[in-house]
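An overview of the molecular structure
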Amino acid sequence: MAKAVVPEEKRRRRRPTRSGTVLSEQLILETALRMLREHGSTGLTARRLGLALDADPSALYRYFRGMDDLTLAIGDALIGQALQGWRPTGEWRSDLRGLGLRIHAVYVGHPQAALLTANRVTGRAHELAADEAILDVLRTAGFPLPDTVRIYQAFIDQTLAFAALDAASLALPRESLRADEDMWRSTYARLPHSTHPRIAEAAPLLATRMLDSAYPTAVEMLLDGAAAQWEALRARR
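Residues numbered from 1 in each chain as written. Predicted model: local features only at pLDDT ≥ 70, side-chain atom pairs only at ≥ 80, totals over all residues. Heavy atoms only, no water.

Some words on the pattern of salt bridges
- Counting across every chain of the model gives ten salt bridges.
- Between E38 and R34 there is a salt bridge whose closest N-O contact spans 3.7 Å. Of this pair, E38 and R34 both sit in helix α2 (residues 25-39), four residues apart, roughly one helical turn.
- Residue class for E38 comes out partly exposed when judged on its relative accessible area of 48%.
- Given the relative accessible area of 31%, R34 is considered partly exposed.
- Between R93 and E220 there is a salt bridge; the shortest N-O distance is 3.1 Å. Taken as a pair, R93 in helix α5 (residues 92-109) and E220 in helix α11 (residues 215-236) lie far apart in primary sequence, 127 residues in all.
- Residue class for E220 comes out partly exposed when judged on its relative accessible area of 25%.
- Connected through shared salt-bridge partners, R93, R97, E220 and D224 make up one network. (Salt bridge = Lys/Arg side-chain N within 4 Å of Asp/Glu carboxyl O. Helix = DSSP H or I, 4+ residues; strand = E, 2+ residues; numbered from the N terminus. Buried < 20%, exposed > 50% of the residue type's maximum accessible area, 1.4 Å probe, protein only.)

Section: the packing of aromatic side chains
- A complete count under the given rule lists three aromatic pairs for this structure.
- Relative to F143, the ring of W92 lies with its centre 5.2 Å away and its plane at 85°, an arrangement referred to as edge-to-face. Taken together, the residues span a long stretch of sequence, with W92 in helix α5 and F143 in the loop between α7 (125-141) and α8 (145-170) at a distance of 51 residues. Each member of the pair, W92 as well as F143, carries the same accessibility label: buried.
- A centroid spacing of 5.9 Å and a plane angle of 55° characterise the contact between F162 and Y215, whose relative ring orientation is tilted. (Phe/Tyr/Trp six-rings, centres within 6.5 Å; stacked < 30°, edge-to-face > 60°.)

Dropping the structure here:
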């Protein structure tokens, strides 16, 4: 059975840890993100987190119902970072592009945390705020509700999918990542035109292009499709 989370006002009255640190949800999240960055998801356990905080692991359950609850909080914290400083301008395409690029950048900035959380639905405050913002941008632009939901799904799933894909590459051991990148020059660039004519002609571009994320291109293509639909709706009206 999941343990009940202690209300915030009762948490604050708890004694400091052995080293004098006063635990807080924010401190636990920051420490968990650091551990993920340094050790990956397999290194994030209640015992190790307790050691890093100089606290008994049981103290974590005053803030989170378990490690899965902590995982959801980490995912929500990443979305919260993406929302910091973002404000809608009233230009729907620019607003969605900006928000998508922010979310993608935060996730690839924390690749191990991204792999752990990109496919989760947290239902927490920052995720709800992001969803509300995306839906509001589309509805304010004049998209009908069914189209709004369809575009929202494609937009957020595409953003998180690319974030997970790019994070997976960044989370590879350095030697593996370098070997994958070198493959475009060592193998693809040397294929003869007689057997692989299309790869051969594209090889110089592939060797540079494939080292960068395709997300900026993908989000523009999605927005192009949404814009074409918006123009068609306006013409009918």
